[in-house]
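Structural overview
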Amino acid sequence: MKIVEDYAQRKVDEKSEEFVINLSNEGYGIEDIVRITNVSPDFVKKILSK
């Protein structure tokens, strides 16, 4: 069961990353992205620093 949970979490993280990047490309700032996606500021900063 752990394998399925890990897979599902990776898929959610991948979609969140994609969403964060798209919002950033549309001109949204970190605070707006955090509010819209309900992820942590650290997650957003990590994704945008790649």
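Here the structure is a predicted model, which means the values were calculated and not measured.

Relative to the assigned elements, Asp13 resides in helix α1 (residues 2-25). For the pair formed by Asp13 and Ile30, sequence separation is 17 residues and the distance between their alpha carbons is 17 Å.

Three or more residues of helix α2 (residues 30-37) are buried, namely Ile33, Val34 and Thr37. Relative to the axis of α2, the buried residues are bounded by an arc of 100 degrees and lie together on one face. Those residues of α2 that are exposed and angled more than 90 degrees off the buried face are Glu31 and Arg35. Looking at the buried side of α2, the elements it contacts are α1 and α3 (41-48). Where α2 ends, the next residue or the one after it, Asn38, has phi of about 60 degrees, a positive value.

What follows deals with the packing of α1 against α2. Taken N-terminus to C-terminus, the directions of α1 and α2 make an angle of 140 degrees; their axes are 10 Å apart at the nearest point. Of the possible angle classes, the one that applies to α1 and α2 is oblique. The element α1 and its partner α2 pack so that their crossing is right-handed. Across the interface between the two elements, Phe19, Val20, Leu23 and Ser24 from α1 touch Ile33, Ile36 and Thr37 from α2. Partitioned by chemical class, the residues of the contact of α1 with α2 number five nonpolar, two polar and no charged.

Reading guide: rules and limits
Residues numbered from 1 in each chain as written. Predicted model: local features only at pLDDT ≥ 70, side-chain atom pairs only at ≥ 80, totals over all residues. Heavy atoms only, no water. Helix = DSSP H or I, 4+ residues; strand = E, 2+ residues; numbered from the N terminus. Buried < 20%, exposed > 50% of the residue type's maximum accessible area, 1.4 Å probe, protein only. Arc of directions from axis to C-beta. Contact = heavy atoms within 4.5 Å. Axes fitted to C-alpha atoms, helices over the stretch in contact; angles between N-to-C directions. Parallel < 35°, antiparallel > 145°, perpendicular 65-115°, else oblique. Left-handed = near helix turned anticlockwise from the far one by under 90°. Nonpolar A, V, L, I, M, F, W, Y, C, P; charged D, E, K, R; others polar.

Note that every value here comes from positions in space, so none of it alone points to a role or purpose.
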